[in-house]
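Chain and residue survey
Each chain, letter by letter, is given below.
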Amino acid sequence: MIKSPTKVKLSSTVIVLLKWGVGKLPKSMNKKPLKNYDYRVMLVKRSNQVKFFPSAHVFPGGAVDENDNSKEWEQVIEKPIPSDLSIRISALREIFEETNFFLDKNEKLINDKNKATIEKLQSDLMNKETSKTNNFLLNFIKDSGIELKLGQLSQWARWITPILGPQQTHRFDTYFYVIPIYQYPESCKIDGTENVEMGWFSPEEALEEHRIGKISLPSPTWLTFHQLSKCHTIDQVIELAKERDSLDILYDPIMTKPTIPSNASTNLQQERCQVLSGDYIYEQQKQQQQQQQQQQQQQQQQQQQSSNSPTFLNSNSNSNPNHKNRIITRSKIGDLNDQFSWIHEYQNNIPGSVDRQYDGANTILPPKL
């Protein structure tokens, strides 16, 4: 079982790429001409009743549960077994729960003959109490006699929720996976509970609709679309995803204190900054955290009458004071509580950084295609 940092829940989200112009699309589907790209990406709109990014457009996904950790999953997964199998299983389960299709063998697993079985499976999975003692999805896959292939999921990145304050109950260590599909899954539909809408967007369309305030993209989703915007074909995304998978890219942002500009007309917080690895503020804060942890360890050892003392880091930071790797979020109306007014900006001037090419990405400017 893969373990996350303390008090952080493992979770997954899936960037589902649909090759556009191949196969039939439902009548309700967005059929406007596609410019500059040969694919669109699935987004779901979260209910306004959920605590985490209410009403925002995000990639579908959710937390890893105990059933996802079962060793029995290895019996129905094609070899070789991925080391992050439990997280990939959560991706499989969450996509099915939220959008009613499977990431592999969908046509074989869902058909007119087993419609009642699928509806019961959905109902069983939504019942969190009975799911604690029954691995309904695993049993369904076993009964189907089908082996699933999850190796085609490529890890795009990992995002860890920043520490937001004392009232924060948990954080997420979310694995972002990419998977291409070449035919629209006819069974696909929104669950209507945590999510209330589903749509398909090219990177250009998603960024533009966020810019005009039609949809709200959280900063990780927004930055991901800027990364995707450089890939005009689905094959280019797949190649980049494989490259990023090999790098195991981690975003572990530190949230700096929101600021109120001196010339602001209100006392509302108007700017929020998330600093990322390599940013001089990030490196200073991480060093301070390490020193605090070492001090705590030393105190514990002294209480246990241990003679061993930890080695402390030098208090002088070696980080370059000119290095920036950060996402700045502002509000068009001067109120960060209104997520549909968010303007994101990405700054990265770190030599050799995989994301330096996206330096200057800004909500108020069209993406550089």
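Computed from a predicted model, the values in this text were never measured in an experiment.

To continue, consider unusual backbone geometry. Look at the link from Lys-79 to Pro-80: it is a cis peptide, with omega at 0 degrees. Relative to the helices and strands, Pro-80 is located in the loop between β4 (61-63) and α1 (85-99). Here Asn-36, not a glycine, exhibits a phi torsion of approximately 70 degrees, which is positive. The topology assignment puts Asn-36 in the loop between β1 (8-19) and β2 (39-46). Positive phi is not limited to glycine here, since Asn-100 has a value of about 60 degrees. Counting through the fold element by element, Asn-100 comes out in the loop between α1 and α2 (106-109).

Moving on to the pairing of strand β6 (residues 171-181). Within β6, 10 of the 11 residues are buried, which leaves it mostly tucked inside the rest of the structure. The pairing of β1 with β6 spans 11 bridges and is classified as parallel. Bridging across to β6, Val-8 finds its partner in Arg-171. Pairing between strand β5 (residues 154-160) and β6: 6 bridges, direction antiparallel. Its bridge partner lying in β6, Arg-158 is registered against Tyr-175.

Further remarks concern the packing of aromatic side chains. Tallying each qualifying case throughout the model produces 8 aromatic pairs. Plain terms: the ring middles of Phe-59 and Phe-176 are 6.3 Å apart, the flat faces sit at 85 degrees to each other, and that makes the pair edge-to-face. Of this pair, Phe-59 sits in the loop between β3 (57-58) and β4 while Phe-176 sits in strand β6; the two residues are 117 residues apart in sequence, bridging distant segments of the chain. By the burial criterion, Phe-59 is buried, and Phe-176 matches it. Taking the centre distance of 5.5 Å and the plane angle of 40 degrees together, the rings of Phe-59 and Phe-225 count as tilted. One end of the pair, Phe-59, is in the loop between β3 and β4; the other, Phe-225, is in helix α7 (residues 219-228), and 166 residues separate them in sequence. The class for Phe-225 is buried, based on a relative accessible area of 0%. Among the aromatic residues, ring-to-ring pairing joins Phe-59, Phe-176 and Phe-225 into one connected group.

Attention now moves to the pattern of salt bridges. Under the counting rule described, the total for this entry stands at 21 salt bridges. One salt bridge connects Lys-71 with Glu-74, and the closest N-O pair in it is separated by 3.0 Å. In this structure Lys-71 comes out as exposed when scored by relative accessible area, which is 62%. Taking relative accessible area as the criterion, Glu-74 reaches 29% and is therefore assigned partly exposed. Taken together, the salt bridges that share partners define one network made up of Asp-65, Asp-68, Arg-93, Glu-94 and Glu-97.

Next up on the list: the confidence of the model for the protein. Low-confidence regions, as indicated by low pLDDT, have predicted coordinates that should not be scrutinised in detail. Mean pLDDT over the protein works out to 87, with 88% of the residues at or above the 70 mark. Within the model, pLDDT remains below 50 along residues 306-317, and this stretch shows 23 contacts once partners closer than five positions in the same chain are excluded.

With that settled, the discussion passes to the pairing of β2. The buried fraction of β2 is high, at 7 of 8 residues. Across 3 bridges, the pairing between β1 and β2 is antiparallel. Considered in β2, the bridge of Lys-19 is made with Tyr-39.

Inspection of the secondary structure puts Glu-94 in helix α1. Judged by relative accessible area, which is 8%, Glu-94 ranks as buried. Separated by 3.1 Å, the side chains of Glu-94 and Arg-93 make a polar contact. Residues within four places of Glu-94 in sequence aside, it is in contact with Gly-61, Gly-62 and Ala-63.

What counts and how
- Residues numbered from 1 in each chain as written.
- Predicted model: local features only at pLDDT ≥ 70, side-chain atom pairs only at ≥ 80, totals over all residues.
- Heavy atoms only, no water.
- Helix = DSSP H or I, 4+ residues; strand = E, 2+ residues; numbered from the N terminus.
- Buried < 20%, exposed > 50% of the residue type's maximum accessible area, 1.4 Å probe, protein only.
- Pairing = 2+ DSSP bridges.
- Phe/Tyr/Trp six-rings, centres within 6.5 Å; stacked < 30°, edge-to-face > 60°.
- Salt bridge = Lys/Arg side-chain N within 4 Å of Asp/Glu carboxyl O.
- pLDDT = per-residue confidence, 0-100.
- Contact = heavy atoms within 4.5 Å.
- Polar contact = N/O pair within 3.5 Å; in protein donor to acceptor, adjacent residues only side chain to side chain.

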